[in-house]
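Below are the chains, spelled out letter by letter.
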Amino acid sequence: MIPLFVIGLNHESATVDLRERVTFAPESMVPALQEIVNHTPADEAAILSTCNRTEIYLSGQQDAPLIGAESDDQSPLQLSKAEVVAWFAEYHDLDAEELAKYCYVRHGDEAMMHMMRVACGLDSMVLGEPQILGQMKSSYAVAQEADVLGSELHSIFQRVFSVAKQVRTDTAIGRNPVSVAYAAVNLAQRIFSNLKDDTALLIGAGETIDLVARHLKEQGIAKMMFANRTLERAQKLADEFDAKAILLADIPEFLVNADIVISSTASQLPILGKGAVESALKLRKHKPIFMVDIAVPRDIEPEVGELDDIYLYTVDDLKDVIDENKQSREIAAQEAHVIVESNVTEFFKERRARHSVETIKSYRQYAEQLSEEVLQKALRDLENGTDAEQAMRKMAKSLTNKLLHSPTQQLKQAGVEGRHDLIAFSQQLLGFAQSESEQANKEKLANTDKKVK
């Protein structure tokens, strides 16, 4: 079994309230990775933390408790889950027993398949959404930066990325614009039938906000404003979309002009509070504002939604909109599942083949070493005047004895222990196992002999 262990929670297993409490801020990711390797049996680790999921990918030695496959309560796997959840809960100041209720666990080939499904967008709220692959690549890069990514996770991530690329190329799963960003704009269109007279305030400057801006532009939005912690990032987007760039601190001043507010930042604290929104509504003479908070943790205080003229939606509220767009991707998703399953199978075939090649190489080196030792002894015998034929026979016998010594001892021990399966396998491995028909004929002859006697 591949030494891979995945533990996490997502939009299906936990609410946004819990998900926002277990996110890892970008600046804390490296120390968190180093800490988890020091506090669990894992040798390698990576963390994926998005608005819809937080997952920890771990790898360890083949015989470590981390990858035990038993399913009873006292199994190494269950103990490992408890240990990782304990660290997870302590890190976020949560109750471990309560957190465990919302966490799922995958190991071995199931963990590999899960990672591929995630990277392909098959496990996302928005089926086939493309952003998750970039986020997974980022988690891989951060793990490298933290120096907690070894050969196991490296090879796993590379295969996962390769499969995701194949799915994007060979299926139509990513061709229709179905994403959280698209759903947010789609919902805005339902409230404002015509966006050509409206102004949007977009908070953040990441990939999601970039996508939101593109969808809004396609729908003919009148004006856009970009608010960000650093003015440079906001200005870059503003230049591209012929919009205005402001700092987060300037939001209360410009909120009065916003008909639509869509926010997606990595802030650990709310950016927009109830007081600022109330002030803006008074200046707007209570003209409604449509708000979508895509961020986890949330950027907009939940209390804002209590205001009469505010239509506030969170990322979970977008699910109904997203569900309507899933049908076009269902067929593509089925094709993607076939690609994922075949790649998992192929990965394990390659892995087993690699292990057998290493064993063959080691045994060949061992045999060549014995051969060289016997040959040198035979050459010394010839130098000392031993008859050539006698020296050759002695060399052949010595080499045979040396090659057969260890297998013979192991077969004898297998006989003592009643390991008939091992003896039968050894016959097949050594090339003189009888076929089923030969064995049947032999038994038939033996029974005939008994009758004759």
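Since the structure is predicted, the reported quantities are computational estimates derived from the model, not experimental observations.

Caption draft 1: Representation of the confidence of the model for the protein. Confidence in the prediction of the protein, expressed as mean pLDDT, is 86, and 88% of residues score 70 or more. Low pLDDT, under 50, characterises residues 62-79; the stretch is placed with 34 contacts to residues that sit more than four places away or in other chains.

Caption draft 2: Just the packing of helix α8 (residues 180-191) against helix α9 (residues 207-218), in detail. For the pair α8 and α9, the least separation of the axes is 8 Å and the interaxial angle reads 40 degrees. Compared by their axis directions, α8 and α9 come out oblique. The handedness of the crossing between α8 and α9 is right-handed. Here A181, Y182 and V185 of α8 come into contact with α9, specifically with T208, L211, V212, H215 and L216.

Caption draft 3: Representation of the environment of V84 in the model. As for its position among the elements, V84 is in helix α3 (residues 76-91). Measuring from C-alpha to C-alpha, the distance between V84 and A96 comes to 9.6 Å, with 12 residues separating the pair along the chain. Once residues within four sequence positions are removed from consideration, V84 is found in contact with F5, I7, I36, T40, I56 and L58.

Caption draft 4: Region of interest: the packing of aromatic side chains. On inspection of all chains with the given rule, the structure shows 10 aromatic pairs. When the centroid spacing of 5.6 Å and the interplanar angle of 50 degrees are considered together, the rings of F290 and Y313 count as tilted. Of this pair, F290 sits in strand β9 (residues 289-293) while Y313 sits in strand β10 (residues 310-314); the two residues are 23 residues apart in sequence, bridging distant segments of the chain. Since its relative accessible area comes to 24%, Y313 is described here as partly exposed. These aromatic residues form a ring-pair network of at least three members: F24, W87, F88 and Y91.

Each value, and the rule that gives it
Residues numbered from 1 in each chain as written. Predicted model: local features only at pLDDT ≥ 70, side-chain atom pairs only at ≥ 80, totals over all residues. Heavy atoms only, no water. pLDDT = per-residue confidence, 0-100. Contact = heavy atoms within 4.5 Å. Axes fitted to C-alpha atoms, helices over the stretch in contact; angles between N-to-C directions. Helix = DSSP H or I, 4+ residues; strand = E, 2+ residues; numbered from the N terminus. Parallel < 35°, antiparallel > 145°, perpendicular 65-115°, else oblique. Left-handed = near helix turned anticlockwise from the far one by under 90°. Phe/Tyr/Trp six-rings, centres within 6.5 Å; stacked < 30°, edge-to-face > 60°. Buried < 20%, exposed > 50% of the residue type's maximum accessible area, 1.4 Å probe, protein only.

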